[in-house]
Amino acid sequence: MEFPTFDELLDIDYTDPRWYELDNLPNEEWGDINGYEGGYCISNYGRVKSLKTNIIMHPGKDSNGYLFVQLYSNGISKHHSIHVLVCRAFTPNPENKPTVNHEDGIKTNNKAYNLKWMTYPEQLEHSFRMGLRSHQCNIQRKGCIIYPNNNIEYFDSLLSLA
């Protein structure tokens, strides 16, 4: 197989068969996946490799349009969103922000340069700014956010989060 040019690489994603056939893409870096060291690794391009088989895994797409993989440890399978795995491996999070944002708004573009840690209000504001969320949604709806550390933040409306 002929190696793609740099310009072609910009267009290669999980829908392109070359995504799975090429061992390493130019400037591709591999990092450990926490909890799966020695079993799987993740690249800054968003590719997941099984170290047992040395094969690039084919992701699934969840009902919200995000790519995911099923990883196994001690016979237990767990669903992991690829954008979160990439961000954990390649993007420092000194402020301990709880969610990962796709800067270009494309949920399947899981390259490290496109991902950023954000708070829920920052992500909501970004989605409005990018036109990904309609201003016609119910911004008066009350609710709460439960963070991974089990802290709960209550809010009076979605508008108060932005």
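For the structure itself, look to the data block above.
So, how was this worked out
Residues numbered from 1 in each chain as written. Predicted model: local features only at pLDDT ≥ 70, side-chain atom pairs only at ≥ 80, totals over all residues. Heavy atoms only, no water. 1 Å grid on protein atoms, 1.4 Å probe; cavity = no way out; pocket = protein on both sides within 12 Å on 5 of 7 lines; lining within 4 Å. Points joined across faces, edges and corners; volume = space filled by probe spheres on them. Nonpolar A, V, L, I, M, F, W, Y, C, P; charged D, E, K, R; others polar. Buried < 20%, exposed > 50% of the residue type's maximum accessible area, 1.4 Å probe, protein only. Helix = DSSP H or I, 4+ residues; strand = E, 2+ residues; numbered from the N terminus. Core = buried A, V, L, I, M, F, W, Y, C linked by side-chain atoms within 4.5 Å. Contact = heavy atoms within 4.5 Å. Pairing = 2+ DSSP bridges. Axes fitted to C-alpha atoms, helices over the stretch in contact; angles between N-to-C directions. Phe/Tyr/Trp six-rings, centres within 6.5 Å; stacked < 30°, edge-to-face > 60°. Lys NZ or Arg CZ within 6 Å of the ring centre and 35° of its normal. Salt bridge = Lys/Arg side-chain N within 4 Å of Asp/Glu carboxyl O.

A.B. asks: Before we move on, can you summarise the layout of surface pockets with the specific residues and values?
C.D. replies: By volume, the second largest pocket amounts to about 230 Å³. Classifying every residue of the lining of the second largest pocket by side-chain character gives 13 nonpolar, four polar and three charged.

A.B. asks: Requested: an account of helix H4 (residues 120-129), with residues and values cited.
C.D. replies: Restricting attention to buried positions, one finds in H4 the residues Pro121, Gln123, Leu124, His126, Ser127 and Phe128. Count one or two residues on from H4 and you reach Gly131, which has phi positive near 80°.

A.B. asks: I'd like a description of the nonpolar core, backed by residues and values.
C.D. replies: Inside soluble globular proteins, nonpolar side chains tend to come together where they are buried. Residues Ile33, Ile42, Val48, Val69, Leu71 and Ile82 are the most contacted members of the largest nonpolar core, which totals 24 residues. Those elements that provide at least two residues to this core are helix H2 (18-21), strand E2 (40-43), strand E6 (67-73), helix H3 (82-90) and strand E9 (115-118). Broken down by element, this core gets its largest block of residues, four residues, from H3. Sequence-distant contacts of Ile42, that is, excluding residues within four places in its chain, are made with Glu29, Trp30, Gly31, Asp32, Ile33, Arg47, Val48, Ile82, Leu85, Val86, Ala89 and Phe90.

A.B. asks: Please set out the sheet that holds strand E1 (residues 30-32) residue by residue, giving values where relevant.
C.D. replies: Taken together, the four strands give an open sheet; going across it, the order is E1-E2-E3-E4, and neighbouring strands pair in antiparallel fashion. Both outer strands of the open sheet, E1 and strand E4 (55-56), are each paired with one neighbouring strand and no more. For E1 and E2, the ladder comprises three bridges, and the chain directions are antiparallel. Bridged to Asp32 within E2 is Cys41. Across the sheet, H3 is in contact with E1, E2 and strand E3 (48-50); its angle to E2 comes to roughly 85°.

A.B. asks: Break down the packing of aromatic side chains for me, with residues and values.
C.D. replies: A complete count under the given rule lists one aromatic pair for this structure. Plain terms: the ring middles of Tyr36 and Tyr40 are 5.9 Å apart, the flat faces sit at 75° to each other, and that makes the pair edge-to-face. Accessibility expressed as a relative area gives 11% for Tyr40, which makes it buried. The ring of Trp30 is capped by Lys49, whose NZ or CZ atom sits 4.5 Å from the centre of that ring.

A.B. asks: Requested: an account of the pattern of salt bridges, with residues and values cited.
C.D. replies: Within the structure shown, the criterion is met by four salt bridges. Residue Glu28 is joined to Arg47 by a salt bridge in which the shortest nitrogen-to-oxygen separation is 2.8 Å. In this pair, Glu28 is assigned in the loop between H2 and E1 and Arg47 in the loop between E2 and E3, connecting sequence segments 19 residues apart. Accessibility classification places Glu28 together with Arg47 in one group, the buried group. A salt bridge links Lys97 to Glu95; the nearest nitrogen and oxygen atoms lie 3.8 Å apart. Through salt bridges with shared partners, one network takes in Glu95, Lys97 and Glu122.

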